[in-house]
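# Results of the structural survey
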Amino acid sequence: MAFVQDTPKDSFRLGMLIYDTRYRSITIQVIVLVLFLAFLSWLVNNTIENLAAKDRTFDFGFLWSRAGYDINQTLIPYTNDSTHMRAAMVGLLNTLLSAFVGCIIATFLGVFIGVLRLSKNWLVSRLMTVYVEVFRNVPVLLWILLASTVLSETTPAPSDFRVTEAMQAAGEQPKAHMLFNGSVAITNRSMNLPAPLVEHGLPRLEFLGLSLNSNVLAFLIVFGASIYANHLLRSNARRVQEQTGRRPVTWWKSLAILLIPSAALLFALGFHLDYPVMTKFNFRGGMELLHSFTALTLALALYTAAFIAEIVRAGIMAISRGQHEAAAALGLRPGRTMSLVILPQALRVIIPPLISQYLNLTKNTSLAIAVSYMDLRGTLGGITLNQTGKELECMLLMMAIYLTISLLISSLMNLFNRAVKLKER
Amino acid sequence: MTEFTPFVRTDMLEQREPPAGQRGIILWARENLFSGPMNTALSLIGLVVILWLASHMVPWLLHGVWNANSLTECREIITATWGPDATGACWAMVRERWHQYVFGFYPMDLYWRPTLAFVLMLVAIAPILYQSLPRQMMWFTALYPFVCYWLLWGGTIWAPVVVLMGFGLFALVFRLLVSGLGVPVSAGLGLVAAAAWWLLVQTPLSAAIHSVLPVGLRSVDSDQFGGFLLSIVIGVTAIAASLPMGILLALGRKSDMMLVRTLSVGFIEFIRGVPLITLLFTASLLLQYFLPPETNFDIILRVIILVTLFAAAYIAEVIRGGLAALPRGQYEAADALGLDYWQAQRLIIMPQALKISIPGIVSSFIGLFKDTTLVAFVGLQDPLKGITAVVRADINWKGIYWEPYIFAGVIFFLICFGMSRYSMWLERKLKTDHR
């Protein structure tokens, strides 16, 4: 008997580094590593040379110097004496605010449109198809520019709201009126809304260099606690139902638990609304919602809603007919079929792409540059960059912040995926 | 006793039409629009929405004015024709400025060059889009980038020709060495030879030939590009370059080699984690730090490179999804046939993985094409913001806003919608399962 001897010879030849699959991967990785390091050192070397040639240094010290510019929308206290770091924080919060509000609007609108697109009603499903196709196939920049232009060009100037004594005497009406019984005024630069104010507020909390509004904090704590109490009440009712078959009436109790503590707190703080009032040239008081914010957020929400609608539609369609039929066979009514059988399964399909849409929306808030909304790019990557000339530092810091937000959101998504993953075999 | 003769019908009656409420448009409307109180309410709301939109848009579109020289003149014509309260579109702006929307500030007497390049582009991409066309047309497709570059930017013809010779050199070295040294070494040496050619020989040689044989077109600067010319140049180049790069990145992410995998993951996650705007600003502000001093290369090229990197990371993720969806048996079958890595990828894995990922790839392409409008923020004249700002800065067209956005938006819509329909057609055509 003859055996085929195909075990490789032990002697190592140089050619085996290329031709032997056992060693080739090591060769390739070494080449890649060398090329990568060479590329990196080339970049760093160029940067050092360029910085030296421009007589610049690479340090982030400028972040603690005086910013010296104003920001028209600040969620935390900020003046032009604050530092560049503070300005960047204000910008970051503006970015997050726009992203957060945009995501909420986009979700509601997207689910609504996605469900209606599956409707048996021919007219409504066609209308929704038109919406989705139109919004998906046109650049989001167009929607932002259009929203901003329409808001600023079709609305009256603040002076149109003014009622002078001469006009009163002549019995003339001003050109523009405030909406909702004199509480909301839409001018060509902002929306003036009633502002929630408290009479005897709690002092601000200083915490790790951050200054927190303790009124909002107190409200959030009380409201969160009442939601938790409501949850306890409902789970107790479920337990009673499972034991006795009879569910105790809970609706008025949960309504009371949800509303009374918050209302009591607001009353104790002396909550009232501050209405915007027309003074000589502009509105005073109230809360000013800049059109730049509205246009950006609304346009991003409308655009993203079209994508979310497609995700929702695909998610519902991904559930096989058998699931509907099985639920019907169990005797479940259509509403309960949806909430107990279809949606829990559809959500598993819907949520991962939904979160990546949230991510896209958050990144797209950087288009604030089109409407001069002071987001992270407008403060850190805009005025701070231009004032200090620290292009490298500002851009790197900005990229790092965006990257952190993205990685945070996508790691949340991974956690969720792991939690809802089908446990197979 | 009378005899009953049972009545027996001998001939069939003509079939009668269903009652009026059970046929035709009424039946359709009852089933599709008014099948229940909920449905009826929805239909009515839908009708109200459509009527509201139509009442605002139809008169505006019908009153459109094409012949005027300014917005005020437009408004006067509309008031004169349709009454003082009438509104109407002022398409005269489009008639006067369409060339800027299409070509930007490209010299007017040279409009034939981008037009010819566009027509040739359609010829070049035809064999890629439709498999039934003769395969020989691919040779033209391979040559097209050089033709296009020369037509658009002009300059001496020898520059693209000498670049092309570099590819020839690569093929020559590969051919000569492949029998003796095998594929990896000869390809590597060929690449080194071609790189040396491009870095060292390229510029002096093309200048030398040009001085002897000056053949060329008038050169056009990058800052004269604008409008849809710019969008299509950036979009098409980035689309063509990002697909192969995305495939390589996806393979790198699935690779067994730890270092290759780590680098691919790092690159993909970094690019996907930052907004495109920051990358564009990198192109315009930071590349001057990263490149050797005194290098100053074209802004459009810089933008194209960054946009390509951006799209490649997204396409890599889409293709990774396709690779993951492929059953393991396919990989094992390829191994069992004795195919090596690249053969298996080329013959077994990629054709199937790409087919699965067609919808995702095309929607990345659509996203990329839409994102070309963002180049407005690094000072280029994109059709949406750049050219519209130019038009609106003109005293004649100050205050016009619906018309330019509708015009540019409709063109974007047609291109993107066409792309998505093509991908659906391709998906149906390539479908091999019989469900």
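Residues numbered from 1 in each chain as written. Chains lettered and ligands numbered in written order. Predicted model: local features only at pLDDT ≥ 70, side-chain atom pairs only at ≥ 80, totals over all residues. Heavy atoms only, no water.

Let us now look at the interface of chain B and chain A. Opposite the 57 residues of chain B that make contact, chain A presents 57 residues. Of the roughly 5,200 Å² buried between chain B and chain A, counting both surfaces, carbon and sulfur atoms make up 73%. A per-residue breakdown of the area chain B buries against chain A is headed by Tyr289, Lys370 and Tyr405 of chain B, which together make up 14% of the total. Linking chain B with chain A are two salt bridges. A salt bridge links Glu153 of chain A to Arg392 of chain B; the nearest nitrogen and oxygen atoms lie 3.3 Å apart. Applying the counting rule to chain B against chain A returns 17 residue pairs in polar contact (both at pLDDT 80 or more). (Contact = heavy atoms within 4.5 Å. Buried area = accessible area lost by both parts, 1.4 Å probe. Salt bridge = Lys/Arg side-chain N within 4 Å of Asp/Glu carboxyl O. Polar contact = N/O pair within 3.5 Å; in protein donor to acceptor, adjacent residues only side chain to side chain.)

Let's shift gears to the sheet that holds strand β2 (residues 190-193) of chain A. All names here are of chain A. Taken in spatial order, the three strands line up as β1-β2-β9 in an open sheet, and their pairing is antiparallel. Edge positions in the open sheet fall to β1 (185-186) and β9 (287-290), since each of these has one partner strand only. Bridge analysis of β1 against β2 gives two bridges, and the strand direction is antiparallel. Opposite Ile186, over in β2, you have Met191 as the bridge partner. Sitting on the sheet, helix α9 (residues 291-317) touches β1, β2 and β9, and the angle it makes with β9 is about 50°. (Pairing = 2+ DSSP bridges. Helix = DSSP H or I, 4+ residues; strand = E, 2+ residues; numbered from the N terminus. Axes fitted to C-alpha atoms, helices over the stretch in contact; angles between N-to-C directions.)

Counted by the stated rule, this structure contains 17 salt bridges over all chains. Two residues, Lys390 of chain A and Asp59 of chain A, come together in a salt bridge whose shortest N-O distance is 3.4 Å. Here Lys390 of chain A, found in the loop between α12 (376-388) and α13 (391-420), pairs with Asp59 of chain A, found in the loop between α2 (21-53) and α3 (84-117); they are 331 residues apart in sequence, far enough to count as distant. The salt bridge partner of Arg313 of chain A is Glu310 of chain A, with a shortest N-O separation of 3.4 Å. Of the two residues, Arg313 of chain A and Glu310 of chain A are both situated in helix α9; the distance of three residues between them amounts to about one turn of the helix. In this structure Arg313 of chain A comes out as partly exposed when scored by relative accessible area, which is 23%. Taken together, the shared-partner salt bridges in this structure form one network comprising Arg253, Glu269, Glu317 and Arg320 of chain B. (Buried < 20%, exposed > 50% of the residue type's maximum accessible area, 1.4 Å probe, protein only.)

This brings us to the packing of helix α7 (residues 214-244) of chain A against helix α8 (residues 251-269) of chain A. Each pair of packed helices gets described by two things: the angle between the helix axes and the distance between those axes. All names here are of chain A. The geometry of α7 relative to α8 is characterised by a closest axis approach of 9 Å and an angle of 165° between their N-to-C directions. Taken as axis vectors, α7 and α8 run roughly antiparallel relative to one another. In terms of crossing hand, the pair formed by α7 and α8 is right-handed. Touching Asn215, Ala218, Phe219, Val222, Phe223, Ser226, Ile227, Ala229, Asn230 and Leu233 of α7 are Lys253, Ser254, Ile257, Leu258, Pro261, Ser262, Leu265, Leu266 and Leu269, all from α8. Of the residues in the contact of α7 with α8, the class split is 13 nonpolar, five polar and one charged. (Parallel < 35°, antiparallel > 145°, perpendicular 65-115°, else oblique. Left-handed = near helix turned anticlockwise from the far one by under 90°. Nonpolar A, V, L, I, M, F, W, Y, C, P; charged D, E, K, R; others polar.)

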